[in-house]
Amino acid sequence: QVQLVESGGGLVQAGDSLRLSCAASGRTFSINAMGWFRLAPGRERDFVTAINWSSSSTYYADSVKGRFTISRDNAKNTVYLQMNSLKPEDTAVYYCAARKALYGAAISSAEYDYWGQGTQVTVSS
């Protein structure tokens, strides 16, 4: 099993920045990719970004390209989501996810095996 704990959410104004962290524990050697998804009211859980654990290849949703950056610290088993130029439409609960499959990162939430509890990000206009 892998446990994921997110932190760093909060209330910010449009244009501000925020950094989310996701610390993994347990059988972290089984992780091959990690991702961030978000759930806003009235929407399904949307893909935000993902990173391959070994190659560091990254993937982004079009809506966050150029504003969000995913990175990881292997030594700390932690993945980060740096969010810049935040917009009110970025308001959501952000979830960290981990995938075991050797294929690496995926944009479908169904491909991930472990999930964190979520952290609220609210961007006011």
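No experiment lies behind these values; they were computed from the predicted model shown.

A. Representation of the sheet that holds strand 8 (residues 78–83) in the model. A sheet is described by the order of its strands in space; here four strands give the open sequence 1-3-8-7, paired in antiparallel fashion. Two strands close off the open sheet at either side, each with one partner strand: strand 1 (2–7) and strand 7 (68–73). On average, adjacent strands in this sheet sit at an angle of 15° to one another, irrespective of strand direction. Relative to strand 8, strand 7 runs antiparallel, the two sharing six bridges. When the bridges of strand 8 are listed, Thr69 appears paired with Gln82.

B. Seen up close, the nonpolar core. Counting 37 residues, the largest nonpolar core has Leu4, Met34, Trp36, Val79, Met83 and Tyr94 as the members making the most contacts within it. Of all the elements in the fold, those that place two or more residues in this core are strand 1, strand 3 (18–26), strand 4 (33–39), strand 5 (46–52), strand 7, strand 8, strand 9 (92–99) and strand 11 (119–124). With five residues, the top contributor of residues to this core is strand 9. Those residues in contact with Met34, other than ones at most four positions away along the chain, are Leu4, Cys22, Ala50, Ile51, Trp53, Ile70, Val79, Cys96, Ala97, Ala98 and Tyr112.

Thresholds, definitions, all that
- Residues numbered from 1 in each chain as written.
- Predicted model: local features only at pLDDT ≥ 70, side-chain atom pairs only at ≥ 80, totals over all residues.
- Heavy atoms only, no water.
- Pairing = 2+ DSSP bridges.
- Helix = DSSP H or I, 4+ residues; strand = E, 2+ residues; numbered from the N terminus.
- Axes fitted to C-alpha atoms, helices over the stretch in contact; angles between N-to-C directions.
- Core = buried A, V, L, I, M, F, W, Y, C linked by side-chain atoms within 4.5 Å.
- Buried < 20%, exposed > 50% of the residue type's maximum accessible area, 1.4 Å probe, protein only.
- Contact = heavy atoms within 4.5 Å.

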